[in-house]
Amino acid sequence: EKEEEVEEDKEKKEEEERKKQEEERERKTRERRYTLPDNPSIIVHPSPTAKGGKFDCAVMSLSVLLDYRVEDNKEHSFEVSLFAELMNEMLQRDFAFKIYRSLMVAPEPKKEDKKDKDKKEKKDKDKKEEKKEEKKKDEKEEKDEKKEEADESEEPKLKRRKTDEEDKEVKKDKDEDKKEGEDEDEEED
């Protein structure tokens, strides 16, 4: 019996060693086939025995995984959909916590006293008044320059054409003058 046990142990050890050697060979072939990234990442390598070697692997974004289709109600995609939902909730929780923490750490806005507000308003008013005064000075200077240029020029100024409205006003004034003159003549008679 001891001999049988020893033989079984030897067989088990040999099987384990063969498995380790096969795994080591597979690992080395994978390293030769694929370029491994420098950053830590999840590497998926399909088993040649899974689904008769017809295992399909694709990279998809989380939004694609959360976008369900009619054919996604099958069992083989249920686990992926469940994982996607849990991952989405985890990300929402983490980002919500980061936002909350940053709001709590942020300094509170300073409340201004009435004195500070009054000072600020007074400064704003002073600035507005200064701007108005500067504009007035600029306008005066421009007018003075135009007058000097007009005085210096020997050309007579061209008369501005009257608009229709101005013509009408002039006619009304003339008509009124005539009527008043006629009224005065009648009163004298």
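Residues numbered from 1 in each chain as written. Predicted model: local features only at pLDDT ≥ 70, side-chain atom pairs only at ≥ 80, totals over all residues. Heavy atoms only, no water.

Some thoughts on the overall build of the protein
Of regular secondary structure, the protein possesses five helices and zero strands. The secondary structure elements of the protein, listed N-terminal to C-terminal, are α-α-α-α-α. Put simply, the protein has 189 residues, and 2% of those count as buried. About 20300 Å² of surface is accessible on the protein, with carbon and sulfur atoms providing 49% of the total. (Helix = DSSP H or I, 4+ residues; strand = E, 2+ residues; numbered from the N terminus. Buried < 20%, exposed > 50% of the residue type's maximum accessible area, 1.4 Å probe, protein only. Areas by Shrake-Rupley, 256 points an atom, 1.4 Å probe, with all protein chains shown as cover.)

Description of the pattern of salt bridges
Note that side chains of opposite charge can pair when their charged atoms are close. Under the criterion given, the structure shown has two salt bridges. Linking Asp94 and Arg93 is a salt bridge whose minimum nitrogen-to-oxygen distance equals 2.8 Å. (Salt bridge = Lys/Arg side-chain N within 4 Å of Asp/Glu carboxyl O.)

A short note on a nonpolar patch on the surface
A cluster of nonpolar residues, Phe97, Tyr100, Met104 and Val105, forms a patch on the protein surface that exposes about 480 Å² of accessible area. Position of Met104 among the secondary structure elements: in helix 3 (residues 75-105). Judged by its relative accessible area of 55%, Met104 is exposed. (Patch = residues over 30% accessible without salt bridge, like charges linked within 9 Å, V, L, I, M, F, W, Y side chains within 5 Å.)

Read these as spatial facts, not as claims about activity.
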